[in-house]
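# Remarks on the overall topology
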Amino acid sequence: MGNLYKDSRFRLIIFANIASSIGSGITMIAIPWMLVSSDNGNTVFGYISICMTIINFLITPFIGNLVDKMNRKKILLISEFVCFLLLMLFTLIGFIGLPYEVWQYTIIYMIGSLYYTIFFPTMFALNQEIFNKDQYKALNGTMEVQSQLSSMIAGALASILLVKWDLHYILLLDVLSYSAAIYFYMKLPYMGKPIDKTEKSDKTRVSEGLRYMMIRPTMFAFLVFSIMPFIGVMITNYLFPVYIRDVLKASASAYGIESMIYAFGAIIAGMFVPILARKIGNEKTIIVSVITYTIAILLIVLVNLPVYLLLMFFIAVGNSGARVARNSFLMDQIPNEIIGRVDSLFRSIGLLFRIVLLALFTQIVSSDLIIYCFIILSGLLIVASGFVVLSWKKGFELKGDRKIELSKGETT
């Protein structure tokens, strides 16, 4: 772990991620709140979320292919620079005195959503490529701590800035954060691997991640159901603002505090999950985390605001714990030359779940029945927890061949 922290590449990546995460985090808290606070905002935000999820679902396989094909540092720099330019435009609109409307909120939300869709798989593949296998657990834990510490700072600032600053000042902060990230990524000493121009066609390359997992059916099932906490988080990004405002009757500051508590729980997970995973293995750590998240969601509709905020800690521990252990598992098992496509496969499956659930939940919320959304989500999480346990117990086999993994223990 000490060698990881001494690595200049690691420090530059951390600084760049912190810079962009704080600014974009504040904006992605502010914009949903402004949308749900507008006329008929609950339904509008729901449909916006559905549309963005569909767009992300369609482009994710091609992003995975791009991540495996292009220089990963260039992908990060291009995405940061495009976001910098677009948000600068919306910042100037505010500074010249023009009012922001729902369509402008929508575009800003789209920019942030597309940025995350590109950033996460690219950073995941880059980290696997440039760091050593024995560093993966510490690396993923530290990246989670960095991500959530940035989110906690963003949540704290958002709880203050939402009531004191106009949107164009918040966007200016985001612009400055992207410019800092561009600087740090430019300093990153990374050349990238040479591109093999004799490789198969793009269409074949895109589907290669699916073919790779189809001969590992039990591992595939384990990884599919273990992403349910992350799907839950994406769905509750829509549900929680509405639930806080309409059911708990709380203010925007409570939404910011919720984000801050969530980030604190995720930081704790990022610090201790690598230690737990070294003792009991990535697989068992994933199972414990998924069950923790499921129990916390089950209790949400039964509690008042203070306990609701406390449950955010356990929701964060469950989701972040599953993500840290799952990322380490993927890095251990999937070759780097295909990691982008395998990762994009699971992201696409998660997005498909989100499309269906957001379409359903938007209709339920528009009928003032948001409690039923949490009941449905709880049921799905219980099913996912069961399948995660069953697939782990069955063991991970290469279809028609030999055992490739120990069924109950640390990956080899």
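Quick caveat, the model's predicted, so the values are computed rather than measured. (Residues numbered from 1 in each chain as written. Predicted model: local features only at pLDDT ≥ 70, side-chain atom pairs only at ≥ 80, totals over all residues. Heavy atoms only, no water.)

Attention shifts here to the overall build of the protein. When helices and strands are counted, the protein shows 16 helices and zero strands. Expected size for 412 residues packed as a compact globule is a radius of gyration near 22 Å; at 21 Å, the protein falls within 12% of this value. Projected onto its principal axes, the C-alpha coordinates of the protein cover approximately 65 × 50 × 40 Å. Out of the 412 residues in the protein, the part that is buried amounts to 57%. Look at the contacts in the protein between residues 6 or more apart in sequence, and 86% of them connect residues 24 or more apart. Carbon and sulfur atoms form 69% of the exposed surface of the protein, whose accessible area is close to 17,400 Å². Charged side chains of the protein number 34 positive and 25 negative; the gap between the two group centres comes to 6 Å. (Helix = DSSP H or I, 4+ residues; strand = E, 2+ residues; numbered from the N terminus. Rg over C-alpha atoms; globule rule 2.2 N^0.38 Å. Buried < 20%, exposed > 50% of the residue type's maximum accessible area, 1.4 Å probe, protein only. Contact = heavy atoms within 4.5 Å. Areas by Shrake-Rupley, 256 points an atom, 1.4 Å probe, with all protein chains shown as cover. Lys, Arg positive; Asp, Glu negative; His and termini not counted. Charge placed at Lys NZ, Arg CZ, Asp CG, Glu CD.)

Right, let's get into the packing of aromatic side chains. Under the counting rule described, the total for this entry stands at 21 aromatic pairs. Ring centres of tyrosine 243 and phenylalanine 374 lie 5.2 Å apart, and the angle between their planes is 70°; on these two criteria the pair is classed as edge-to-face. Highlighted residues: tyrosine 243 in helix α11 (residues 228–246) and phenylalanine 374 in helix α16 (residues 370–394), separated in sequence by 131 residues. The class of phenylalanine 374 is buried, set by a relative accessible area of 1%. Three or more aromatic residues joined by ring pairs form one cluster here, namely Tyr115, Tyr116, Phe119, Phe120 and Tyr178. In this arrangement the basic side chain of arginine 9 is found over the ring face of phenylalanine 131, its NZ or CZ atom lying 5.5 Å from the centre. The ring of tyrosine 212 has arginine 216 sitting right over it, with the charged end atom 3.8 Å from the ring centre. (Phe/Tyr/Trp six-rings, centres within 6.5 Å; stacked < 30°, edge-to-face > 60°. Lys NZ or Arg CZ within 6 Å of the ring centre and 35° of its normal.)

As a further point, take the environment of valine 365. Summarising the element assignment, valine 365 is placed in helix α15 (residues 339–366). Since its relative accessible area comes to 5%, valine 365 is described here as buried. Between the C-alpha atoms of valine 365 and isoleucine 182, which are 183 residues apart in sequence, the distance is 40 Å. Contacts of valine 365, omitting those with residues within four sequence positions, involve Asn42, Tyr238, Leu239, Val242, Ile370 and Cys373.

This part takes up the packing of helix α2 (residues 8–36) against helix α6 (residues 136–164). Two elements in contact, α2 and α6, have axes separated by 8 Å at closest approach and are oriented at 40°. Classified by the interaxial angle, the pair formed by α2 and α6 is oblique. Where α2 crosses over α6, the two elements pack in a sense that is right-handed. Mapping the contact onto sequence places Phe10, Ile13, Ile14, Asn17, Ile18, Ser21, Ile22, Gly25, Ile26, Ile29, Ala30 and Met34 in α2 and Leu139, Thr142, Met143, Gln146, Ser150, Ile153, Ala154, Gly155, Leu157, Ala158, Leu161 and Leu162 in α6. Per-class residue counts for the contact of α2 with α6 are 17 nonpolar, seven polar and no charged. (Axes fitted to C-alpha atoms, helices over the stretch in contact; angles between N-to-C directions. Parallel < 35°, antiparallel > 145°, perpendicular 65-115°, else oblique. Left-handed = near helix turned anticlockwise from the far one by under 90°. Nonpolar A, V, L, I, M, F, W, Y, C, P; charged D, E, K, R; others polar.)

Here we come to the pattern of salt bridges. Applying the stated criterion across every chain, the model contains eight salt bridges. For arginine 72, the salt bridge goes to aspartate 68, with nearest N and O atoms at 3.3 Å. One exposure class covers both arginine 72 and aspartate 68, and it is buried. Arginine 245 is paired through a salt bridge with aspartate 246; the nearest N and O atoms lie 2.9 Å apart. We classify arginine 245 as partly exposed; its relative accessible area is 27%. (Salt bridge = Lys/Arg side-chain N within 4 Å of Asp/Glu carboxyl O.)

This brings us to the packing of α11 against helix α13 (residues 282–299). Running from N to C, α11 and α13 cross one another at 35°; their axes reach a closest spacing of 10 Å. On α13, the residues touching Pro229, Gly232, Val233 and Thr236 of α11 are Val290, Tyr293 and Ile297.

All right, on to helix α3 (residues 41–69) then. Compared with an ideal rise of 1.5 Å per residue, which puts 29 residues at 42 Å, α3 spans 40 Å between its outermost C-alpha atoms and is within 8% of the ideal. Largest kink in α3: about 40°, centred on isoleucine 59, with the proline proline 61 one to four residues after it. (Expected span 1.5 Å × (residues − 1). Bend = angle between axes of the 7 residues up to and from the residue.)

A few words now on the nonpolar core. Grouped together as the largest cluster of nonpolar side chains are 127 residues, with contacts concentrated most on Leu167, Met213, Leu239, Tyr308, Ile315 and Phe346. Aside from chain neighbours lying at most four places away, what touches methionine 213 is Met219, Phe220, Leu223, Ile334, Val342, Leu345 and Phe346. (Core = buried A, V, L, I, M, F, W, Y, C linked by side-chain atoms within 4.5 Å.)

This brings us to a nonpolar patch on the surface. Side chains of Ile291, Ile295, Leu298, Leu299, Leu302 and Ile382 sit close together on the surface and give an oily, nonpolar patch of about 530 Å² of accessible area. The element best represented in the nonpolar patch is α13, accounting for four residues. Tracing the backbone through its elements, the reader meets leucine 302 in the loop between α13 and α14 (305–333). According to the relative accessible area criterion, leucine 302 is exposed, its value standing at 66%. (Patch = residues over 30% accessible without salt bridge, like charges linked within 9 Å, V, L, I, M, F, W, Y side chains within 5 Å.)

On to the confidence of the model for the protein. When pLDDT is averaged along the protein, the result is 84, and 92% of the positions lie at 70 or above. With pLDDT under 50 throughout, residues 400–412 is counted as low confidence; its partners more than four residues away or in other chains account for 39 contacts. (pLDDT = per-residue confidence, 0-100.)

Our focus in this paragraph is the side chain of serine 344. Position of serine 344 relative to the elements: it lies in helix α15. Excluding anything up to four places from it in sequence, serine 344 contacts Thr60, Pro61 and Gly64.

Now for the state of the cysteines. Within the structure shown, the criterion is met by zero disulfides. The thiol of cysteine 51 is not disulfide-bonded; the next cysteine sulfur, from cysteine 373, is found 18 Å away. By relative accessible area, cysteine 51 is classed as partly exposed at 46%. (Disulfide = S-S within 2.5 Å.)

Right, let's talk about the environment of leucine 66 for a bit. Along the polypeptide, leucine 66 turns up in helix α3. Residue class for leucine 66 comes out partly exposed when judged on its relative accessible area of 36%. In this structure the C-alpha to C-alpha distance between leucine 66 and serine 251, which are 185 residues apart in sequence, comes to 42 Å.

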